[in-house]
Amino acid sequence: MYLNKKGKVPNQAHVGIPEGLCEEEHGREGFAGPVSHLYRTHPPTGWVKIEGPLKPRAFACAQFSMKLTPPSTARQILMMQSQDASLYVSIHTATMVHFIRNADGDETYFVHQGTGRFETDYGTLPYEPGDYVVIPKGTTYRTHVDAGPSFFFLIETPEAIMFRAGGCLISTFAPRPLESDPEALRVPFYHRNTDYDEVLFYHEGEFFSRAGIQPGMLTLHPQGIHHGPQPNAVQAAKGKTYTNEVAVMVESKTPFIVKPEMETVEIKDYAMSWSRR
Ligand SMILES: [Fe+2]
């Protein structure tokens, strides 16, 4: 395999993009493997209308905490499901009365809020915001909540998780310095994730490529549909040297079916947010 280029293009991807052009990346294996780049005169997200349910969607999951009714101490809300992963919001207001065991799959808890410990067959594991806790299939456990509520983003996979489980990939966007070359692109490039549905759970920090995204929100970009930085984000990112954003990305080879309850916390019109200036 060798580099082949045609037309008005930079010498290197993401650096020195010719004035007035937008870069778009196509890959097949999520964000690994070979890719190709197109240089367009307009952002590929500038659609004026979308029909049907297949579109970028955003949800304010944190609003589920307010809907929690006592006396339940733990509530799990199934947000969306594919053959490769089920995604939940799991809210624990107090120490669980019972121990539980999941015989269907591995559970990966990402701690969004709260501190406490998991009491398991294998001993105890303390948790705090930003931690991942993996509970392998068949492990008996409960959560002990220090100061509630604890808010988890929970990923259940039928296959054993090693941050890859069958057709499910889990990755972390962590605080990091940005590219220092003045010509380098500092916001995520426009792309289609051709083979994976892409979910992002926003944990903390400032999500500089996305307008109106707050911690505790979740977005879904179905496979094959363009997305990338919001208008003005490219300009706003030019002076930035560092990002403090923390987010969890879950990619699923099979499409996610969104549960009807999610419509109660949906940010309407998110799919058109690239068209607004
Ligand atoms: Fe993406």
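Residues numbered from 1 in each chain as written. Predicted model: local features only at pLDDT ≥ 70, side-chain atom pairs only at ≥ 80, totals over all residues.

Novice: Help me out: how do you make sense of the overall build of the protein in this one?
Specialist: Looking only at helices and strands, the protein has 2 helices and 19 strands in total. Here the protein has a C-alpha radius of gyration of 20 Å; the compact-globule value for 277 residues is 19 Å, and the two agree. Once the C-alpha set of the protein is aligned to its principal axes, its extents read approximately 65 × 40 × 40 Å. A burial count over the protein gives 32% of its 277 residues as buried. Taking as baseline every contact in the protein between residues at least 6 positions apart, the subset at least 24 positions apart corresponds to 73%. (Helix = DSSP H or I, 4+ residues; strand = E, 2+ residues; numbered from the N terminus. Rg over C-alpha atoms; globule rule 2.2 N^0.38 Å. Buried ≥ 20, exposed ≤ 12 C-beta atoms within 10 Å, placed from the backbone. Contact = placed C-beta atoms within 7 Å.)

Novice: How do you make sense of the domain arrangement of the protein when you look at a structure like this?
Specialist: Buried accessible area, meaning the area lost when the parts come together, often serves as the stated size of an interface. Assigned domains of the protein: these are domain 1 (36-58 + 167-272) and domain 2 (64-157). With centres defined by C-alpha atoms, the gap from domain 1 to domain 2 works out at 26 Å. Residue-level contacts link 23 residues of domain 1 with 18 residues of domain 2. Taken together, the elements giving at least two residues each to the side of domain 1 that touches domain 2 come down to β12 (168-173), β15 (197-204), β18 (246-252) and β19 (257-258). Among the residues forming the side of domain 1 that touches domain 2, the class breakdown is 14 nonpolar, 5 polar and 4 charged. (Domains from an automatic or database assignment. Nonpolar A, V, L, I, M, F, W, Y, C, P; charged D, E, K, R; others polar.)

Novice: How should unusual backbone geometry be read in this particular structure?
Specialist: Excluding glycine, most residues fall at negative phi; most peptide bonds, likewise, are trans. If you check the backbone angles, phenylalanine 163 has positive phi at about 60° while not being a glycine. By secondary structure assignment, the location of phenylalanine 163 is in the loop between β10 (140-157) and β11 (164-165). Unlike most non-glycine residues, aspartate 269 shows phi in positive territory, near 70°. Position of aspartate 269 among the secondary structure elements: in the segment after β19.

Novice: Would you mind showing me how to read the sheet that holds strand β1 (residues 22-29) here?
Specialist: Strand pairs in the sheet, formed through backbone hydrogen bonds, run parallel or antiparallel to each other. The 3 strands lie next to each other as β2-β1-β14, forming an open sheet whose pairing is mixed. The strands lining the two open edges of the sheet, one partner per strand, are β2 (32-40) and β14 (190-193). When the angles between neighbouring strand axes are averaged without regard to direction, this sheet yields 25°. As paired strands, β1 and β14 are joined by 4 bridges and run parallel to one another. Directly across from glutamate 25, in β14, lies its bridge partner histidine 191. (Pairing = 2+ DSSP bridges. Axes fitted to C-alpha atoms, helices over the stretch in contact; angles between N-to-C directions.)

Novice: Got a minute to help me understand the sheet that holds β15 in this structure?
Specialist: Pairing is antiparallel in the open sheet, where 6 strands are placed in the order β3-β16-β15-β18-β12-β11. The open sheet terminates on both sides in strands that have one partner only, identified here as β3 (57-60) and β11. Bridging between β12 and β18 involves 6 bridges; their strand directions are antiparallel. Directly across from leucine 169, in β18, lies its bridge partner glutamate 251.

Novice: What am I meant to see in the nonpolar core here?
Specialist: The nonpolar side chains of a soluble globular protein tend to be buried, and buried together. Core analysis: the largest hydrophobic core is formed by 41 residues, its most contacted members being Leu87, Val199, Phe201 and Val250. Residue assignment places this core across two domains, with domain 1 (36-58 + 167-272) and domain 2 (64-157) each supplying three or more. Beyond its immediate chain neighbours, meaning those up to four positions away, valine 250 contacts Ala85, Leu87, Ile155, Cys168, Ile170 and Val199. (Core = buried A, V, L, I, M, F, W, Y, C linked by C-beta atoms within 7 Å.)

Novice: I would appreciate a short explanation of the pairing of β12 in the present structure.
Specialist: Along a regular strand, successive side chains alternate from one face of the sheet to the other. By the bridge criterion, 2 bridges tie β11 to β12 in an arrangement that is antiparallel. In the sheet register, alanine 165 faces β12, and the bridge partner there is cysteine 168. With antiparallel pairing between neighbouring strands as the criterion, β11 and β12 make up a hairpin whose turn holds 2 residues, including glycine 166 at a positive phi of roughly 55°.

Novice: Please explain the environment of arginine 210 as it appears in this structure.
Specialist: One can find arginine 210 in the loop between β15 and β16 (217-221). For arginine 210, a count of 24 C-beta atoms within 10 Å translates into the label buried. As a C-alpha pair, arginine 210 and glycine 228 span 18 residues in sequence and 8.3 Å in three-dimensional space.

Novice: I tried to follow the environment of leucine 78 on my own but got confused; where do I start?
Specialist: With respect to the helices and strands, leucine 78 occurs in strand β4 (residues 74-81). Here the alpha-carbon distance between leucine 78 and proline 260, two residues 182 residues apart in the chain, equals 9.8 Å. Among residues more than four places away in sequence, those in contact with leucine 78 are Ser86, Tyr88 and Lys259.

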